[in-house]
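Take a look at the letters that make up each chain.
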Amino acid sequence: MDTVEKLTTCYRKLMGSVPEGIWFAPGRVNLIGEHTDYNDGFVLPFALEQRALVAAGHRDDDLIVMHAMDLSETVELPLSNLNPGGGGWAAYLAGVLWALREAGHQVGAVNLVLTSDVPLGAGLSSSAAIECAVMAAACDLFGLEIAPMERARLAQRAENAYVGAPTGLLDQAASTLCHAGHGLFMDCRTLETAEVPLPLREQGVEILVLDTRTPHSHVDGEYGERRATCEQAAAILGIRALRDVTNLDAALARLPDERMRKRVRHVVTENDRTRAALELAVKGNLAGIASLLNESHASMRDDYEITVPTIDLAVETALAQGALGARMTGGGFGGCIIAWCPTGRAEHIGSAIRDAFEKAGFLDPSWFTAVPSEGAGRLK
């Protein structure tokens, strides 16, 4: 029995009827542009094949009934009791309905049954996948005409205000707007986007995504501290956001301490790298992106200080084993790396990292070859 059949069967057993539909939204990998989103900068993610699936249908009472098939857990909430601050997995579903209702959309009682194969806590936006799948389901079930970017913004509000995680818009935008075979270049200030062709096979490239299995969470102090430091630096510089720095050396000279200078240097140079990656991709030079990945990782390690020993060992091993470029992806302090590999080498490189982890006494990593995939929608 495949996943869709299992999900449908689970819904029928729990709810006593067949779902009105099944909706999906993918996880994402950020190719480049890390911690630039909340600084009004530039990002370049793409959607993964791994995705959250939500079977959904109307109810005739005032309840939201949510079931996590992978956990065999059910949570029920009255519509009148959707209040920010709820914890656990159900908050990511309930928060979307709350955000829609707060924005004035007519959303009623609903059944939601969830399953997902996006790795948890790996920096691949498992939470955004859930939110965006629920968003797609709610919009269809209740006939809501909401543009894709606005859907992403409402899903982000659910995570920020309801769950309490201060994430930027990158995750939800990628999960909603990406298209198969393409990345998504996004200006996080104007919200303008451009599809970026990623013909990996034609150019002899494959992308290894390796989960170091180091716990990763945005709902902690480190992510919030980095964001607050960036906001403080922008205020000192008299600009709206770090995206507006035009003379990096002059800006750094005005900042009061080395820690803040390092954070600013990462954001400004990462924006430059992301724009350079766009230019290379548009020109069809995917191989040229590899060196930008290496520079990005060094900046996250040395200036933004968000890597950990497992992440650094994975990147170093990937490069030693023939990867063209590699870097941490995601919010940091654990999670995944991506490695830009010659076609046919990703599995070998993943195995070499596993061996290096064993020697270092780390947990075995898991990995897969990433395929740029489609954003949120309804299964036919």
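Residues numbered from 1 in each chain as written. Predicted model: local features only at pLDDT ≥ 70, side-chain atom pairs only at ≥ 80, totals over all residues. Heavy atoms only, no water.

Looking at an unreviewed UniProt entry, one finds the protein named Galactokinase and attributed to Arachnia propionica. According to the UniProt record, the Function (unreviewed entry) comment for the protein reads "Catalyzes the transfer of the gamma-phosphate of ATP to D-galactose to form alpha-D-galactose-1-phosphate (Gal-1-P)." Quoted verbatim from the Catalytic activity (unreviewed entry) field of the UniProt record, the comment on the protein reads "alpha-D-galactose + ATP = alpha-D-galactose 1-phosphate + ADP + H(+)". (UniProt positions renumbered as here; feature names shortened; annotations may be inferred.)

Chemist: Explain the overall build of the protein here, please?
Modeler: Scanning the protein from terminus to terminus reveals 11 helices and 12 strands. Expressed along its principal axes, the backbone C-alpha trace of the protein runs to roughly 60 × 50 × 40 Å. In the protein, which comprises 380 residues, the share counted as buried stands at 58%. Within the protein, contacts between residues at least 6 apart in sequence are counted, and of these 71% link residues at least 24 apart. Summed over its atoms, the accessible surface of the protein is roughly 14900 Å², and 49% of this surface lies on carbon and sulfur atoms. Side-chain charges of the protein comprise 33 positive and 49 negative groups, with the mean position of each set lying 2 Å from the other. (Helix = DSSP H or I, 4+ residues; strand = E, 2+ residues; numbered from the N terminus. Buried < 20%, exposed > 50% of the residue type's maximum accessible area, 1.4 Å probe, protein only. Contact = heavy atoms within 4.5 Å. Areas by Shrake-Rupley, 256 points an atom, 1.4 Å probe, with all protein chains shown as cover. Lys, Arg positive; Asp, Glu negative; His and termini not counted. Charge placed at Lys NZ, Arg CZ, Asp CG, Glu CD.)

Chemist: Would you mind showing me how to read the domain arrangement of the protein here?
Modeler: Many authors give the size of an interface as the accessible area that is lost as the parts come together. Taken domain by domain, the protein comprises domain 1 (3-197 + 374-378) and domain 2 (200-370). Once you take the C-alpha centre of each, domain 1 and domain 2 turn out to be 25 Å apart. Of the roughly 3400 Å² buried between domain 1 and domain 2, counting both surfaces, carbon and sulfur atoms make up 63%. Summed over the shared surface of domain 1 and domain 2, the result is 4 salt bridges. (Domains from an automatic or database assignment. Buried area = accessible area lost by both parts, 1.4 Å probe. Salt bridge = Lys/Arg side-chain N within 4 Å of Asp/Glu carboxyl O.)

Chemist: Mind showing me how you'd approach the packing of aromatic side chains here?
Modeler: Centre-to-centre distance and the angle between the planes together describe a pair of aromatic rings. The tally for this structure, following the rule as stated, stands at 4 aromatic pairs. Ring centres of Phe42 and Phe185 lie 5.7 Å apart, and the angle between their planes is 15°; this geometry places the pair in the stacked category. With a gap of 143 residues between them, Phe42 in strand β2 (residues 42-58) and Phe185 in strand β6 (residues 182-187) connect regions that are remote in the sequence. Each of the two residues, Phe42 as well as Phe185, counts as buried. Between Trp98 and Tyr162, the aromatic rings sit 5.7 Å apart at their centres with planes inclined by 50°, giving tilted as the arrangement. Of this pair, Trp98 sits in helix α2 (residues 90-102) while Tyr162 sits in helix α4 (residues 148-163), and the two are 64 residues apart along the sequence. The same class applies to Trp98 as to Tyr162, namely buried. Above the ring of Phe24, the side-chain terminus of Arg51 is found at 4.8 Å from the ring centroid. (Phe/Tyr/Trp six-rings, centres within 6.5 Å; stacked < 30°, edge-to-face > 60°. Lys NZ or Arg CZ within 6 Å of the ring centre and 35° of its normal.)

Chemist: Before we go on, may I ask you to explain the pattern of salt bridges in this structure?
Modeler: Should their charged atoms come close, side chains of opposite charge can pair. Counted under the stated rule, the structure contains 20 salt bridges. In this structure, Lys262 and Glu305 form a salt bridge, with 3.2 Å as the shortest nitrogen-oxygen distance. One end of the pair, Lys262, is in helix α8 (residues 258-282); the other, Glu305, is in the loop between α9 (289-302) and α10 (309-320), with 43 residues separating them in the sequence. Exposure remark for Lys262: the relative accessible area of 16% places this residue in the buried category. In this structure Glu305 comes out as partly exposed when scored by relative accessible area, which is 35%. A salt bridge links Asp302 to Arg301, with the shortest nitrogen-to-oxygen separation between them at 2.8 Å. In the salt-bridge network here, residues are joined through shared partners; they are Asp40, Arg189, Arg240 and Asp244.

Chemist: When you look at the UniProt feature "site: Transition state stabilizer" (unreviewed entry) in the protein in this model, what are you seeing that I'm missing?
Modeler: Using the residue numbers shown here, the UniProt feature "site: Transition state stabilizer" (unreviewed entry) corresponds to Arg28. Structurally, the position occupied by Arg28 is in strand β1 (residues 21-32). By relative accessible area, which is 3% here, Arg28 ends up buried. Setting aside anything within four residues of it in sequence, one finds Arg28 in contact with Pro45, Phe46, Ala47, Leu48, Gly123, Leu124, Ser125, Leu170, Asp171, Ala174 and Gly330.

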